[in-house]
Amino acid sequence: MKSVPHATSLRRAPVQRRSAERLTRILDACADLLDEVGYDDLSTRAVAQRAGVPIGSVYRFFGNKRQMADALAQRNLERFTARVTERLADATGGGWRDAMDAVLDEYLAMKRTAPGFSLVDFGNQIPVGARHAEPNHRVADRLTDLLSGYIDREPDEDLRRTFLIAVETADTLVHLAFRVAPEGDERVIEEARELLRAYLARVLD
């Protein structure tokens, strides 16, 4: 079964398998409709119709479409983390360079293929709450926890700040690449990769 967002993003967490599957259908429908109509024209009723569930089922989990988009962003982060973890499990000890390539490549792959990701990704383009919960902080925190052992570094505030700067930089340049070309301009992406390597080499080598 596909992953569902952490319970803190929901009005009520699914307990039974049937409820979890219904939540998955709702989020899948939300993602598809984001690609089709955009966030402004997204509605909970349209999501319910697309998912084939009563409108009450949507409100059982979400108070409004913003909460639904935030849950989709959290699910994206869970799936992104799983993809990076799987990629690094097959890596051959390349240290932080392998880790950086895995993070950037998997982000690009989701940007190109995951429904709704171009609008929501990890929450960047839709307000999702207080400043301390900003999406790039979420991603940097997750990467610090995930990669500290892989690169043999203490997951302290210095490493967290390093990853936050790298995430903010990558986020800006990847968005530029996708404004230049629908599938992401490869020249901009390679420049972003070189910039990240230079920065991380100074900090992590």
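Fair warning: this is a prediction, and the values are worked out from it, not measured in the lab.

Cut-offs and rules
- Residues numbered from 1 in each chain as written.
- Predicted model: local features only at pLDDT ≥ 70, side-chain atom pairs only at ≥ 80, totals over all residues.
- Heavy atoms only, no water.
- Salt bridge = Lys/Arg side-chain N within 4 Å of Asp/Glu carboxyl O.
- Helix = DSSP H or I, 4+ residues; strand = E, 2+ residues; numbered from the N terminus.
- Buried < 20%, exposed > 50% of the residue type's maximum accessible area, 1.4 Å probe, protein only.
- Contact = heavy atoms within 4.5 Å.
- Expected span 1.5 Å × (residues − 1).
- Arc of directions from axis to C-beta.
- Polar contact = N/O pair within 3.5 Å; in protein donor to acceptor, adjacent residues only side chain to side chain.
- pLDDT = per-residue confidence, 0-100.

*Asks:* Go over the pattern of salt bridges, please, and point to the residues and values.
*Replies:* Where charged atoms from two side chains of opposite charge approach closely, those side chains can pair. Enumeration according to the criterion identifies 18 salt bridges in this entry. Across the salt bridge formed by R142 and E78, the nearest N and O atoms sit 3.1 Å from each other. Note that R142 is positioned in helix α7 (residues 135-147) and E78 in helix α4 (residues 65-89), a separation of 64 residues in sequence. Ionic pairing is found between R87 and D105, a salt bridge with its closest N-O pair at 2.8 Å. With R87 in helix α4 and D105 in helix α5 (residues 95-113), the pair connects residues that are 18 residues apart, well separated along the chain. The partly exposed category is assigned to D105, whose relative accessible area is 23%. Because the salt bridges share partners, they merge into one network encompassing R83, R87, D101, D105, E106, E190, R193, E194 and R197.

*Asks:* Which residues make up the environment of A109, and what values do they have?
*Replies:* Note that A109 resides in helix α5. Each C-alpha atom of the pair A109 and F80 lies 9.7 Å from the other, and the pair is 29 residues apart in sequence. Look past the residues within four positions of A109 in its chain and what remains in contact with it is R83 and A114.

*Asks:* Which residues make up α7, and what values go with them?
*Replies:* An ideal rise of 1.5 Å per residue puts 18 Å on 13 residues; α7 measures up with 18 Å between its terminal C-alpha atoms. Along α7, the residues that are buried comprise P135, N136, R138, V139, A140, L143, T144 and L147. As for α7, its buried residues are in contact with α4, α5 and α8 (157-180).

*Asks:* Just give me the short version of helix α9 (residues 186-204), but keep the residues and values in it.
*Replies:* Helix length check: α9 (19 residues) gives 26 Å between terminal C-alpha atoms against 27 Å at 1.5 Å per residue, within 8%. Of the residues making up α9, those classed as buried are V188, I189, A192, R193, L196, Y199, L200 and L204. One side of α9 carries all its buried residues, which in axial view fall inside an arc of 140°. Set apart from the buried face of α9 by more than 90 degrees, the exposed residues are R187, E191, A198 and R202. N-cap assignment for α9: the residue whose side-chain oxygen lies 3.1 Å from the backbone N of R187 is D185.

*Asks:* Outline the confidence of the model for the protein, listing residues and values.
*Replies:* Residues at a pLDDT of 70 or more form 86% of the protein, whose mean pLDDT is 87. Across residues 1-8 the pLDDT falls below 50, and counting only partners more than four positions away or on other chains, this stretch makes 22 contacts in the model. This model gives residues 127-132 a pLDDT under 50, and the stretch forms nine contacts once residues within four places in sequence are excluded.

*Asks:* Talk me through the side chain of N136; I want residue IDs and the actual numbers.
*Replies:* Of note, N136 is situated in helix α7. On the basis of relative accessible area, N136 is assigned to the buried category, the value being 8%. Separated by 3.3 Å, the side chains of N136 and D171 make a polar contact.

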